[in-house]
Amino acid sequence: ANPEKQEILSRIPEINNIAYRELAPSYYEAQKKFAETYVEEKYRIAGGIYTTLSANKYSHDGSDKMSYHIDSGDLPEGLTTIANFHHGDVDGCYFVLPRYGVAIARGDGDVLLADSSEVHGVYDIEDMGISMNCVCYCDTRLATLGVRGKPEKLIGKGAPKVEIGSLGEFLQ
């Protein structure tokens, strides 16, 4: 764990929220309601509407793209927000939604909102710069409260042992 980096990264959702509230207020409100109702505050980044932050880095010398995929666990009534930061010259590195035949250029400081249940990927970076993207979303698998929540299940040596009866005992 790196507390300094965690502190910096925990500020990114605040930036994403500005774009989210402005561009998609009904999705924002639905995600906020879900997070506040079903996800304990300790599982939300800075107590906000996101549970997960994924930092992705694309460069000519490293990972230059992301294959097409559909994210799992994301809140269906919410959106994924992606803050983009560039270092140096960045060309390519488009966010691609093949179903719609679009490739979206993302500039330094841009925030993209997307439905992560759609097939998506990132096209090759073509310049020598670096594109860093911070993806924030609400993962439903972290819900522990109310009807959409599930209890925490401890595993391993620290988990309490639970007595399980036999079928014979059940039938008696």
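Each remark here, short or long, concerns the structure printed above.
Residues numbered from 1 in each chain as written. Predicted model: local features only at pLDDT ≥ 70, side-chain atom pairs only at ≥ 80, totals over all residues. Heavy atoms only, no water.

(A) Structural detail: the nonpolar core. One finds Ile12, Tyr20, Phe34, Ile49, Tyr50, Cys138 and Ala143 to be the most contacted residues of the largest nonpolar core, which totals 18 residues. The set of elements that each furnish at least two residues to this core consists of α2 (12-23), α3 (25-38) and β8 (130-137). For this core, the leading source of residues is α3, giving four residues. (Core = buried A, V, L, I, M, F, W, Y, C linked by side-chain atoms within 4.5 Å. Buried < 20%, exposed > 50% of the residue type's maximum accessible area, 1.4 Å probe, protein only. Helix = DSSP H or I, 4+ residues; strand = E, 2+ residues; numbered from the N terminus.)

(B) Looking closely at the sheet that holds strand β3 (residues 80-87). Spatially, four strands are ordered β1-β8-β3-β6 in an open sheet, and the strand pairing comes out antiparallel. Taken across any chain shown, the strands that pair with only one partner, and hence form the sheet edges, are β1 (52-59) and β6 (111-114). Strand after strand, the sheet turns through a mean of 20° between neighbouring axes, direction not considered. Summarising the sheet, β3 and β6 pair through four bridges and their orientation is antiparallel. Within β6, the residue paired with Ile82 across the bridge is Leu112. (Pairing = 2+ DSSP bridges. Axes fitted to C-alpha atoms, helices over the stretch in contact; angles between N-to-C directions.)

(C) Broad picture of the pairing of β8. For β8, a buried count of six out of eight residues is recorded, marking the element as mostly surrounded by other parts of the structure. Sheet topology places β1 next to β8; eight bridges connect them, and they run antiparallel. The partner of Leu53 across the bridge, within β8, is Cys136. The sheet contact formed by β3 and β8 spans seven bridges and is antiparallel.

(D) Seen up close, unusual backbone geometry. Even without being a glycine, Ala46 presents a positive backbone phi close to 50°. Here Ala46 shows up in the loop between α3 and β1. On the basis of relative accessible area, Ala46 is assigned to the exposed category, the value being 63%.

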